[in-house]
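# Understanding the architecture of this molecule
So the chains spell out like this:
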Amino acid sequence: MKVWILLALLCSLFSQAFTEETKPNILFCIADDWGAHASIYGDPVVKTTTFDRIAKEGALFHNAYVSSPSCTPCRNSILTGQWHWRLGPGANLYGTLRQDLEVYPHILADAGYHTGSWRKSFGPGKLEGKFVENHPAGTPVKGFDDFLETRPEGAPFCFWLGASDPHRGYEEGSGVKSGMDISKIEIFPCFPDSEEVRSDVADYYYEVQRFDSDVGKAVEKLKSIGELDNTIIVITGDHGMPFPRCKSNLYDSGTRVPLAIRWPGKIEAGQEFNKYASLTDLAPTFLEAAGISAPEAMTGLSLIPALIGGGDEALRPFILTGKERHVPSQEIPDMGGYPSRALRTDDFLYIRNYETERWPNGTPLWEKAAIPGTWYGDTDNGPTKTYIVENKDKDEVHRMSYDLCFSKRPAEELYDLTNDPEQLVNLASDGKYKDDLAKLATRLSDELIAAGDPRHVESLAFDFDAESYGGGGPKAPHIKKKNNKKKKAK
Ligand SMILES: [Ca+2]
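Residues numbered from 1 in each chain as written. Predicted model: local features only at pLDDT ≥ 70, side-chain atom pairs only at ≥ 80, totals over all residues. Heavy atoms only, no water.

### Some thoughts on the nonpolar core
Counting 56 residues, the largest nonpolar core has Leu27, Trp34, Phe144, Leu161, Phe191, Phe211 and Ile235 as its most contacted members. If you tally residues by element for this core, the top one is helix α8 (residues 195-224), at eleven residues. The next biggest cluster of nonpolar side chains, apart from the first, holds 48 residues, and it includes Phe28, Phe61, Leu79 and Ile107. (Core = buried A, V, L, I, M, F, W, Y, C linked by side-chain atoms within 4.5 Å. Buried < 20%, exposed > 50% of the residue type's maximum accessible area, 1.4 Å probe, protein only. Helix = DSSP H or I, 4+ residues; strand = E, 2+ residues; numbered from the N terminus.)

### Side note on the domain arrangement of the protein chain
Along its sequence, the protein chain is organised into domain 1 (18-317) and domain 2 (321-483). Relative to domain 2, the C-alpha centre of domain 1 lies at a distance of 24 Å. Across the boundary between the two partners, domain 1 contributes 44 residues, which contact 48 residues of domain 2. Area buried by domain 1 at its contact with domain 2 is led by Trp85, Arg245 and Leu250, which between them contribute 19% of it. Connecting domain 1 to domain 2 are 29 residue pairs in polar contact (both at pLDDT 80 or more). Elements with a contribution of two residues or more to the side of domain 1 that touches domain 2: β2 (59-65), α8 and α9 (252-255). Of the residues forming the side of domain 1 that touches domain 2, the biggest block, three residues, is contributed by α8. In terms of residue class, the side of domain 1 that touches domain 2 is built from 21 nonpolar, twelve polar and eleven charged. (Domains from an automatic or database assignment. Contact = heavy atoms within 4.5 Å. Buried area = accessible area lost by both parts, 1.4 Å probe. Polar contact = N/O pair within 3.5 Å; in protein donor to acceptor, adjacent residues only side chain to side chain. Nonpolar A, V, L, I, M, F, W, Y, C, P; charged D, E, K, R; others polar.)

### A few points about the sheet that holds strand β13 (residues 412-416)
Spatial strand order, β10-β11-β12-β13: four strands in an open sheet with antiparallel pairing. Of all the strands in the sheet, the pair left with one neighbour each is β10 (319-323) and β13. On average, each strand axis in the sheet is tilted by 15 degrees relative to the strand beside it, whichever way the strands run. In this fold helix α14 (residues 434-450) packs onto β10, β11 (340-344), β12 (348-353) and β13, with an angle of close to 65 degrees to the strand it touches most, β12. (Pairing = 2+ DSSP bridges. Axes fitted to C-alpha atoms, helices over the stretch in contact; angles between N-to-C directions.)

### Focus: the pairing of β11
By the criterion of burial, β11 is predominantly enclosed, with five of the five residues buried. Judged by which residues are buried, β11 turns out to be covered on both faces: Ser340, Ala342 and Arg344 on one side and Arg341 and Leu343 on the other are all buried. Direction of pairing for β10 relative to β11: antiparallel, over a ladder of five bridges. Counterpart to Lys323 in the pairing with β11 is Ser340. Two elements, β11 and β12, share five bridges in a ladder whose sense is antiparallel. What sits directly across from Arg344, in β12, is Leu349. The antiparallel pairing of β11 with β12 creates a hairpin that spans three residues between the two strands.

The structure is reproduced here in structure tokens:
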């Protein structure tokens, strides 16, 4: 109780102090498909100089999670500050943003902020109505410098610095060519250890570093114009790495992302958080920093109380994540996704899969796929995927890797994080965990009801699978060869 009184007092002092001062600028930097891999997290190979600096001069989050491990719903949940399942068509890959939704860049623009976005922000998807004229992430521009040149004098700004890194496709061998020692790579234990896989991870790291370097240039620009210390800098990613059992999956490998926040003079440097932040919390955080109350519909919780002294106790004690339709990658005529939800605590990850007859990462039967030729459609094509599929019958280790990545899953999954931090052994049918399983199942349902999930609140029912889809899907290798086009997948 005392902690909350102290927090309330700190927040009120914070708002009071704020109104007397200049509004802070906001530089929001988001990579595409970047899981929690950074040197400051202990990764022995990737070098993230800028991210590490921002974290050291501000706050580092060890447990930041996306609402959904898929581009469009994650980005929509950040813009609206709401769980993706509340966004109707916006919960699917290639979905749109509903007209009644409010987005934080628009609220800041109404309060006098100069807003803009560069490279990937909303999407992929089609903007409609009010968002066509008025881009939800701020007017798209050609770069940070251009954006700053059009800034009205004295106006605070809010800038979305996007990227297509480290989304596939990669230049194969770019990691090795850049000098990375692939023997030092810590391979995700569900991947077989092979040269192909190691090199593929190095290519991913290479693009992570390129993004980090782009952010570094923006930080230098802020310094050169004297705005560095009046700018909140946030660096994160939209979900885990584009590898099997990562992106589009509800394990930490798909939903946990890097997060660092710097705001000198307001938040103490060198803070580290172990409790949970959702990227839906960023919108209310930005609004509070600007002295604006968040709209009631925002389910995100401002991170300011934690950042200004409240510590872990002011963060969420657990996290929720979910998935609706990534690529429609089931078998004709099923245009559905793989709906699932998860509750992650310090001790357990509990996952509920609603449609167990479907393929969690898409059908292997490309000739029967809802989108013609699609092959394991929820997993981006790449050397690691090809290696795992092609070698599945080699031995037990390879078979296990294939099953963990692509085989069908039961209605419930339970992982004991003390003994199995990588979440590879499903204990849902182990009698020893019966009580834990029952408690977590009830808790997840209760939390989803409280969070307005249409899958749990009948009055909000929404048919996510009936929505149209404007994208493609990863094609089977022989089809790709026939087309022979080097195309960047969404
Ligand atoms: Ca992405």
